[in-house]
Amino acid sequence: GDMLGLASFSSDVKILEITRDKSGSVVIQKLMALLGHKSSVLNLSIAADGSRAVSSSKDGTWKMWKMDIEFKGVANPECLLTATHPEKGQYFDLVRLSPGCSRIVAVTNKSRTVYLYTAEGQLVHTILSAHTDLVTSVGWVEENLFVTSSRDKTLKVWWFAK
């Protein structure tokens, strides 16, 4: 089935599985929880293959999670990595995992700054004025190519060498 993350002003994320039963009715069941943030979780990105996820929180961190586990309602995913915002008192309100899970793009709350990290948590690029107004969305096109949109009514394409 498909996975869905649910966070509601809490420090944990409930991961739900959406399937259909034999009659075709939709069935939603809790699979697991992402536990470890110290404040409200703001954003979650799950890899297309379900193997990894990345979450961001008002605690100033983003976390990488190992999602391909044998859960059966008992185990929760392991936190593989925690990265802290480079500016004290700031947090990431948008995070996106690249298609191959090798990079994470993160956007600082209510700003124009975009950060690019490796999956090992190394900050490799900081784009201080990505737009002239707040960045509102970010998405990956391919492993080294992502796009951002902004309240300035522009869409920008960013490419980085491997």
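Throughout what follows, the structure given in this document is the object of discussion. Being a predicted model, the structure only gives us computed values, none of them experimental.

**Some points on the overall build of the protein**
Move 1: For the protein, the helix and strand inventory stands at zero helices and 14 strands.
Move 2: Helices (α) and strands (β) of the protein occur, in sequence order from the N terminus, as β-β-β-β-β-β-β-β-β-β-β-β-β-β.
Move 3: Computed over the C-alpha atoms, the radius of gyration of the protein is 16 Å, within 12% of the 15 Å expected from 2.2 N^0.38 for a compact globule of 162 residues.
Move 4: Considering only C-alpha atoms, the protein reaches an extent of 50 × 30 × 30 Å along its principal axes.
Move 5: Across the 162 residues in the protein, those meeting the buried criterion constitute 43%.

**Overview of the environment of tyrosine 117**
Move 1: Locating tyrosine 117 in the fold gives a position in strand β10 (residues 114–118).
Move 2: Placed 55 residues apart in sequence, tyrosine 117 and tryptophan 62 show a C-alpha to C-alpha distance of 11 Å.
Move 3: With residues near it in sequence (within four places) discarded, tyrosine 117 still touches Trp62, Ala83, Thr84, Pro86, Phe92, Ser102, Arg103, Ile104, Ala106, Gln122, Leu123 and Val124.

**Things to note about the pattern of salt bridges**
Move 1: With the rule as written, the count across this model stands at three salt bridges.
Move 2: Here lysine 14 makes a salt bridge to aspartate 12, at a shortest N to O gap of 3.5 Å.
Move 3: Under the relative-accessibility criterion, lysine 14 is labelled partly exposed at 32%.
Move 4: A salt bridge links arginine 52 to aspartate 68; its shortest N-O distance comes to 3.4 Å. Of this pair, arginine 52 sits in strand β5 (residues 52–57) while aspartate 68 sits in the loop between β6 (61–66) and β7 (78–84); the two residues are 16 residues apart in sequence, bridging distant segments of the chain.
Move 5: For arginine 52, a relative accessible area of 24% corresponds to the partly exposed category.
Move 6: Exposure remark for aspartate 68: the relative accessible area of 42% places this residue in the partly exposed category.
Move 7: Through salt bridges that share partners, Arg52, Lys66 and Asp68 make up one connected network.

**Here's the deal with the nonpolar core**
Move 1: Formed by 15 residues in total, the largest nonpolar core has its most connected members in Trp62, Met64, Phe92, Leu97, Ile104 and Tyr117.
Move 2: Listing elements by their share of this core, those giving two or more residues are β6, β7, β8 (92–97), β9 (103–108) and β10.
Move 3: Judged by nonpolar contacts, the second largest core, of 13 residues, contains Val105, Val107, Ile127 and Val135.

**A word on the side chain of histidine 85**
Move 1: Note on placement: histidine 85 falls in the loop between β7 and β8.
Move 2: Among the polar contacts made by the side chain of histidine 85, one reaches the main-chain amide nitrogen of glutamate 87 at a distance of 2.9 Å.
Move 3: With residues up to four places along the chain from it excluded, the contact list for histidine 85 reads Gly60, Gln90, Tyr91, Phe92, Thr108 and Tyr115.

Conventions we followed
Residues numbered from 1 in each chain as written. Predicted model: local features only at pLDDT ≥ 70, side-chain atom pairs only at ≥ 80, totals over all residues. Heavy atoms only, no water. Helix = DSSP H or I, 4+ residues; strand = E, 2+ residues; numbered from the N terminus. Rg over C-alpha atoms; globule rule 2.2 N^0.38 Å. Buried < 20%, exposed > 50% of the residue type's maximum accessible area, 1.4 Å probe, protein only. Contact = heavy atoms within 4.5 Å. Salt bridge = Lys/Arg side-chain N within 4 Å of Asp/Glu carboxyl O. Core = buried A, V, L, I, M, F, W, Y, C linked by side-chain atoms within 4.5 Å. Polar contact = N/O pair within 3.5 Å; in protein donor to acceptor, adjacent residues only side chain to side chain.

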